[in-house]
Amino acid sequence: MADLAQQNIAEAHGGETRRDFLYLTAGAIGAVGIAATIWPFVDTLNPARDTLALSSTEVDLAPVQVGQRLTVAWRGKPVFIAHRTPEEIKAAEDVDISQLRDPQKDSDRVQKPEWLIIVGVCTHLGCIPLGQKTGDDRGPYGGWFCPCHGSIYDTSGRIRQGPAPLNLWLPGDADQASKALYKFTSDTAITIG
Amino acid sequence: MAEDSPGATARIIRWIDYRLPFVQFLNHELNEYPTPRNLSYWWNFGSLAGIMLVVMIISGIILATQYTPSADLAFDSVERIMRDVNYGWLIRYMHMNGASMFFAILYIHLFRGLYYGSYKPPRELLWIIGIIILLLAIATAFMGYVLPWGQMSYWAATVITNLFSAIPLIGSGIVTFLWGGFTVGDPTLHRFYALHYLLPFVILAVVLLHLVALHRHGSNNPLGIDHKGPQDTIPFHPYYTIKDLFGLTVFLLIYGLFVFYAPNFLGEPDNYIPANPMQTPNHIVPEWYLLPYYAILRSITFPILFISSKLAGVILAFSSIVVLFFLPWLDTSPIRSSRFRPIYKWVFWLLVIDVVALGWVGANPPAGIVVTVGQIATLYYFVHMLILLPLIGKIERPLPLPSSIGAAVMGGGARLSAAEAPLAKP
């Protein structure tokens, strides 16, 4: 009987009934409710507030001689600071960037040509490339060499050979910041972050 | 009078079985369970894997009672287990080498299935569930390897979680989510510990599904033909319980050899250096059981079409396991056992050599000949799965199959009548 009555109503309304509307709205509200309940559980896995609180690192560059490289920790990651020699700067600037996997001019990667400041994390799978210490394998371009999977970076930290897809990040690049997150507080000091 | 009324135990069992058919179930699945009479020792590895899973869970729970999942304390707590906790060294070495043993068993079990066509109808789901177990085991082992928080732990965690950064657009967000921070750190260790404790029980549940699927149609056998009646099968107990037990004894000797005499042979010395986020070890290698996938990952040094070499490496390494899900449909031959497949019988061994070669590539630094061998071996792996398997099934002319397991085992038709009498329980 009831079915028959439903059918009559359905026919009267072009195949749709108030019940269809109720099913849809109840279902939609239910789905939103479930999603809203799941989200806090998922979000606990994201970085906590204390982790997110950005710390900045101040570095005194005065003792770093030309040709020397220095590693500092920033947000738990190593940051490479290279006091480049004129030859290294020239090598980085003379590259035809159309030949590069991740084309970028050297001048876009430095604020002062003699100071290259990059995040020392290989863009392939996150190892720390060699080249900071004297005697390290720096690869054929005199920059950095990642021992894990053989990625080779030049004196501007740009990817030249091997599996890594991108140049070594400038501090802040990982958060899609358009400009490198460091500034010179004086001629011989920087603040990262 | 005695024979009329059953004993007290029997009556209790009967009372329970009427309400919960548990004993009946065990009797049916482990005692009477009809099993092909011709199973070789290659069929021991399923039960061995099950036993090892139990060993891993028990030793793992014991270790968990002493371990501290915090970046500052994890390394020291493991060293405390090794030096101060009574028999801690034994339990930890059992757990550590047990993982290697578990994978050795899984791989032999998997290649057994490949050789004898155990993935073919009607056992496709049984096979697929098995591959799911393999994936879960890899995830569990990886997270367990991170817990001691040594250099290899830390950098293995970094490299493997960074695989997800290859995903376009959302990649780096996913990696931060996995880490719970900007690098592998304390939050990462905590969640890996929680999951490492959880996943083995998930594996246990999936193993039960594996067994349900297995017992639906029973074990495959070296001839690859269906059993057609009682003359082809014997009860599981005592014939295979004793055979499994003998295999277990031999296995425990090998396991014991590692645990007591070469506990660090399969490990990396670098993992006894506390984790240092500022320095990558010169040569990162995963545990031996992950080397072939690692080799595939590293072999892609060039972009494929519009896909970057990094993403392509990740996709192919993952595909090397995913392709196994499709094996029942990729292999077009209706014949299960390679004994009756004159071409595939040899091609199978090419795959074994190929996987061993990939393992060698994964263990060595990526330079020179290693890269070339890795690329050739990666190519062969996928050619084998996607081209050779479908093709051989079409062109191969299989040898004639025996009429029944019983006939083949008992030496042909002449003695068939003797074979027809099912082996009774002693």
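Residues numbered from 1 in each chain as written. Chains lettered and ligands numbered in written order. Predicted model: local features only at pLDDT ≥ 70, side-chain atom pairs only at ≥ 80, totals over all residues. Heavy atoms only, no water.

Let us now look at the layout of surface pockets. Residues and elements named next belong to chain B. The computed volume of the largest pocket comes to approximately 1400 Å³. Along the walls of the largest pocket sit 49 residues, with Gly 46, Ser 47, His 210, Leu 211 and Leu 214 positioned nearest its centre. Of all elements in the fold, only helix H2 (22-32), helix H3 (45-64), helix H5 (88-115), helix H6 (124-146), helix H9 (186-217) and helix H10 (236-261) reach the threshold of two or more residues within the lining of the largest pocket. It is H9 that contributes the most residues to the lining of the largest pocket, eight residues altogether. Looking at the lining of the largest pocket residue by residue, the class counts come to 29 nonpolar, 15 polar and five charged. (1 Å grid on protein atoms, 1.4 Å probe; cavity = no way out; pocket = protein on both sides within 12 Å on 5 of 7 lines; lining within 4 Å. Points joined across faces, edges and corners; volume = space filled by probe spheres on them. Helix = DSSP H or I, 4+ residues; strand = E, 2+ residues; numbered from the N terminus. Nonpolar A, V, L, I, M, F, W, Y, C, P; charged D, E, K, R; others polar.)

Take the pattern of salt bridges next. Counting across every chain of the model gives 11 salt bridges over all chains. Ionic contacts of the salt-bridge type, sharing partners, join the residues Lys 120, Asp 331, Arg 341 and Glu 396 of chain B into one network. (Salt bridge = Lys/Arg side-chain N within 4 Å of Asp/Glu carboxyl O.)

Interfaces are often described in size by the accessible area the parts lose on coming together. Facing the 30 residues of chain B at the interface are 31 residues of chain A. Taken together, the two surfaces of chain B and chain A that pack against each other cover about 2400 Å², and 64% of this comes from carbon and sulfur. At the boundary of chain B and chain A, one finds zero salt bridges. Connecting chain B to chain A are seven residue pairs in polar contact (both at pLDDT 80 or more). Counting residues per element, the ones that place at least two in the side of chain B that touches chain A are helix H7 (151-162), helix H8 (171-179), helix H11 (291-299) and helix H12 (309-325) of chain B. (Contact = heavy atoms within 4.5 Å. Buried area = accessible area lost by both parts, 1.4 Å probe. Polar contact = N/O pair within 3.5 Å; in protein donor to acceptor, adjacent residues only side chain to side chain.)

This paragraph deals with the pairing of strand S1 (residues 57-60) of chain A. All names here are of chain A. Of the two faces of S1, the one lined by Thr 57 and Val 59 is fully buried and the one lined by Glu 58 and Asp 60 carries no buried residue. As judged from the four bridges shared by S1 and strand S9 (residues 189-192), these two strands associate in the antiparallel manner. Paired with Asp 60 across the strands is Ala 189, a residue of S9. (Buried < 20%, exposed > 50% of the residue type's maximum accessible area, 1.4 Å probe, protein only. Pairing = 2+ DSSP bridges.)

All names here are of chain B. When its domains are assigned, chain B resolves into domain 1 (36-155 + 181-281) and domain 2 (285-397). Centre-to-centre, using C-alpha coordinates, domain 1 lies 23 Å away from domain 2. Taken together, the 36 residues of domain 1 in the interface contact 28 residues of domain 2. Taken together, both faces of the contact between domain 1 and domain 2 bury some 3000 Å²; the carbon and sulfur share is 66%. Sorting the residues of domain 1 by area buried against domain 2 places Phe 111, Tyr 115 and Lys 120 first, and these three jointly supply 23% of that buried surface. Arg 336 is the salt-bridge partner of Asp 226, the closest N and O atoms lying 3.1 Å from each other. Taken together, domain 1 and domain 2 are joined by 14 residue pairs in polar contact (both at pLDDT 80 or more). Among the secondary structure elements, those contributing two or more residues to the side of domain 1 that touches domain 2 are H5 and H6. Element by element, the count of residues in the side of domain 1 that touches domain 2 is highest for H6, at 10 residues. (Domains from an automatic or database assignment.)

It is worth spelling out the packing of aromatic side chains at this point. The geometry of an aromatic ring pair comes down to the distance between the two centres and the angle between the two planes. Residues and elements named next belong to chain B. Counted by the stated rule, this structure contains 28 aromatic pairs over all chains. Geometrically, the ring pair formed by Phe 103 and Tyr 289 is stacked, given 4.1 Å between the ring centres and 5 degrees between the ring planes. Taken together, the residues span a long stretch of sequence, with Phe 103 in helix H5 and Tyr 289 in the loop between H10 and H11 at a distance of 186 residues. In this pair, the class of Phe 103 matches that of Tyr 289, namely buried. Pairing Phe 111 with Phe 348 gives two aromatic rings, centres 6.1 Å apart and planes at 75 degrees, and the pair type is edge-to-face. (Phe/Tyr/Trp six-rings, centres within 6.5 Å; stacked < 30°, edge-to-face > 60°.)

Below, the discussion takes up the state of the cysteines. All names here are of chain A. The tally for this structure, following the rule as stated, stands at one disulfide over all chains. Disulfide pairing is shown between Cys 127 and Cys 148; the S-S distance is 2.1 Å. On the sign convention where negative means left-handed, the S-S torsion of about -100 degrees between Cys 127 and Cys 148 marks this disulfide as left-handed. Taken as a pair, Cys 127 in the loop between strand S4 (115-119) and strand S5 (142-145) and Cys 148 in the loop between S5 and strand S6 (152-154) lie far apart in primary sequence, 21 residues in all. Of all cysteine sulfurs, the one in Cys 146 lies closest to Cys 122, which takes part in no disulfide; the gap is 3.8 Å. Take Cys 122: its relative accessible area is 3%, and that puts it in the buried class. What makes Cys 146 buried here is its relative accessible area of 2%. (Disulfide = S-S within 2.5 Å.)

Before going further, it helps to spend a moment on the nonpolar core. Counting 124 residues, the largest nonpolar core has Leu 114, Trp 127 and Leu 134 of chain B as the members making the most contacts within it. Of all the elements, H6 of chain B adds the most residues to this core, at 14 residues. Apart from the residues within four sequence positions on either side, Trp 127 of chain B is in contact with Leu 110, Gly 113, Leu 114, Tyr 119, Leu 324, Leu 327 and Pro 328 of chain B. Among the nonpolar cores identified, the runner-up in size contains 13 residues, and Val 59, Ile 81, Tyr 182 and Ile 192 of chain A belong to it. (Core = buried A, V, L, I, M, F, W, Y, C linked by side-chain atoms within 4.5 Å.)

Moving on: empty space enclosed by the protein. Residues and elements named next belong to chain B. Under the definition given, this model contains three cavities of 30 Å³ or more. Here the largest cavity defines a volume of roughly 820 Å³. Taken together, 38 residues form the lining of the largest cavity, with Leu 63, His 95, Gly 144, Tyr 145 and His 196 sitting closest to its centre. Put simply, the parts of the chain that give the lining of the largest cavity at least two residues each are H3, helix H4 (74-83), H5, H6 and H9. Grouping the constituent residues of the lining of the largest cavity by class yields 26 nonpolar, eight polar and four charged. Roughly 50 Å³ of volume is contained in the second largest cavity.

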